[in-house]
Amino acid sequence: MRISETMISQVEFIDDFIDSLLERIFQTPKQHNSVFNIKLALHEAIINAVKHGNKMKQHLNVQVEIIKEDGQLTIQVTDQGEGFDFKKIPDPITPENLEKLNGRGIFLIQNAMDRVEFTDQGRTIKMMKLLKGD
Amino acid sequence: MKIGIDTIDDVTVVDLEGELNVDDSILLRNAFLGVLKEGAREVMVDFEKVSFVGSAGLATLIEMMQLLRKSGGKLGCCNINNNIRGLFEITKIHKLITIYDNRALALKSF
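Residues numbered from 1 in each chain as written. Chains lettered and ligands numbered in written order. Predicted model: local features only at pLDDT ≥ 70, side-chain atom pairs only at ≥ 80, totals over all residues. Heavy atoms only, no water.

A. Region of interest: unusual backbone geometry. Residues and elements named next belong to chain A. A positive phi angle, near 50°, is found at Lys55, a position not held by glycine. Counting through the fold element by element, Lys55 comes out in the loop between helix 2 (35-53) and strand 2 (61-69). Look at Lys55 and you get exposed, because its relative accessible area is 51%. You will see that Gln121, though not glycine, has its phi angle at about 55°, which is positive. By the secondary structure assignment, Gln121 is in the loop between strand 4 (115-119) and strand 5 (124-130). (Helix = DSSP H or I, 4+ residues; strand = E, 2+ residues; numbered from the N terminus. Buried < 20%, exposed > 50% of the residue type's maximum accessible area, 1.4 Å probe, protein only.)

Encoded structure:
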């Protein structure tokens, strides 16, 4: 299964966009064990792309590519922003960062998925998960 | 998201229903600022009907905890499902906000 979708950088559209993607990935999303984590990863990656990548500029798009095959799900989210230094992401669970209101998105993605990679100077995040029993 | 607010034995109980994503976190923040303005000092958020929490929701809860702490109050959460409890644990937010298994235990402890 391959899905390729584009959305404009508007926060209000994110939830419906993600729900429609999940419905296409899993025919009955609530029955699958991995859905919470995949939804979380999609949610955080798309929010990052809209807010931090495209800086909510509605003329910039977020591209989502999904491949589900051989028991593995690969999700790629790309924004049209300036990119960022993904090697300098602060650890949100150190004592000095624990109470900060921002900076948990990528950490949550890394915990929710099996593998996470950044390319194109941080404009693209590629997330992979094995679908055990799904 | 639906947000219900009630007061039980001086504890402000916030019942949530739905998903705590970006937009709904703003709704929760506004509701919370309202109860804080009315003098609430002990707030318990019931997650029984919450199926999803993202980083924006976690940030809102931390901000609620910080504001209550500043005014000598306390924030607690109860009835959190295993997926959401996992988020609290990996982000170590469970060290900042007390989690109770159910509402009765939470109210007893406040």
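B. Spotlight on the sheet that holds strand 3 (residues 42-53) of chain B. All names here are of chain B. Judged by pairing direction, the sheet is mixed, and its 5 strands sit side by side in the order 1-2-3-4-5 without closing on themselves. Bordering the open sheet on either side are strand 1 (2-8) and strand 5 (98-100), each of which pairs with just one other strand. Taken pair by pair, the neighbouring strands of this sheet meet at an average axis angle of 25°, ignoring direction. Where strand 1 and strand 2 (residues 11-20) come together, 7 bridges link them in antiparallel fashion. What sits directly across from Asp6, in strand 2, is Val13. The sheet contacts of helix 2 (residues 55-70) involve strand 2, strand 3 and strand 4 (74-78), and relative to strand 3 the element is tilted by about 175°. Packed onto the sheet, helix 3 (residues 82-90) meets strand 3, strand 4 and strand 5 and runs at close to 115° relative to strand 3. (Pairing = 2+ DSSP bridges. Axes fitted to C-alpha atoms, helices over the stretch in contact; angles between N-to-C directions. Contact = heavy atoms within 4.5 Å.)

C. Representation of helix 3 (residues 105-112) of chain A within the structure. Burial analysis of helix 3 of chain A places 6 of its 8 residues in the buried class, the great majority of the element. Those residues of helix 3 of chain A lying buried are Gly105(A), Ile106(A), Phe107(A), Leu108(A), Ile109(A) and Ala112(A). Those residues of helix 3 of chain A hidden inside the fold are in contact with helix 2, strand 4 and strand 5 of chain A together with helix 2 and helix 3 of chain B.

D. Examining the layout of surface pockets more closely. Of the pockets and cavities examined, the largest pocket occupies roughly 890 Å³. Lining the largest pocket are 40 residues, with Ile47(A), Asn48(A), His52(A), Gly103(A) and Gly105(A) sitting closest to its centre. Those elements that provide at least two residues to the lining of the largest pocket are helix 2, helix 3 and strand 5 of chain A together with helix 1 (22-37) and helix 2 of chain B. In terms of residue count, helix 2 of chain A provides more of the lining of the largest pocket than any other element does, 8 residues in total. For the lining of the largest pocket, the class distribution of residues is 16 nonpolar, 13 polar and 11 charged. (1 Å grid on protein atoms, 1.4 Å probe; cavity = no way out; pocket = protein on both sides within 12 Å on 5 of 7 lines; lining within 4 Å. Points joined across faces, edges and corners; volume = space filled by probe spheres on them. Nonpolar A, V, L, I, M, F, W, Y, C, P; charged D, E, K, R; others polar.)

E. Region of interest: helix 3 of chain B. Within helix 3 of chain B, burial applies to Ile84(B), Leu87(B) and Phe88(B). For helix 3 of chain B, the arc enclosing every buried residue in end-on projection is 100°, short of the 170-degree limit, so these residues lie on one face. Along its buried surface, helix 3 of chain B packs onto helix 2 and helix 3 of chain A together with strand 3, helix 2, strand 4 and strand 5 of chain B. Where helix 3 of chain B starts, the residue carrying a side-chain oxygen 3.0 Å from the main-chain nitrogen of Asn83(B) turns out to be Asn81(B). Once helix 3 of chain B ends, the next one or two residues include Lys92(B), with phi positive near 65°. (Arc of directions from axis to C-beta. Polar contact = N/O pair within 3.5 Å; in protein donor to acceptor, adjacent residues only side chain to side chain.)

F. Highlighting the packing of helix 2 of chain A against helix 3 of chain A. Residues and elements named next belong to chain A. The contact between helix 2 and helix 3 brings their axes to 9 Å, and the two run at 150°. Between helix 2 and helix 3, the crossing angle belongs to the class labelled roughly antiparallel. Between helix 2 and helix 3 lies a crossing whose hand is left-handed. Here Asn37, Leu40, Ala41, Glu44, Ala45 and Asn48 of helix 2 lie close against helix 3, whose contacting residues are Gly105, Ile106, Leu108, Ile109 and Ala112. Residue classes in the contact of helix 2 with helix 3 are distributed as 7 nonpolar, 3 polar and 1 charged. (Parallel < 35°, antiparallel > 145°, perpendicular 65-115°, else oblique. Left-handed = near helix turned anticlockwise from the far one by under 90°.)

G. Structural context of the interface of chain A and chain B. In this complex, chain A contributes 19 residues to the contact, which on the side of chain B involves 24 residues. For the chain A and chain B pair, buried surface summed over both sides reaches about 2000 Å², with 67% attributable to carbon and sulfur atoms. When the buried area of chain A at its contact with chain B is split by residue, Phe36(A), Glu99(A) and Leu101(A) rank highest and sum to 33% of it. Put simply, Glu99(A) and Arg69(B) hold a salt bridge, and the shortest N to O gap is 2.8 Å. Only helix 2 and helix 3 of chain A provide two or more residues apiece to the side of chain A that touches chain B. When residues of the side of chain A that touches chain B are assigned to their parent elements, the largest contribution, 6 residues, is made by helix 2 of chain A. By residue class, the composition of the side of chain A that touches chain B is 9 nonpolar, 3 polar and 7 charged. (Buried area = accessible area lost by both parts, 1.4 Å probe. Salt bridge = Lys/Arg side-chain N within 4 Å of Asp/Glu carboxyl O.)

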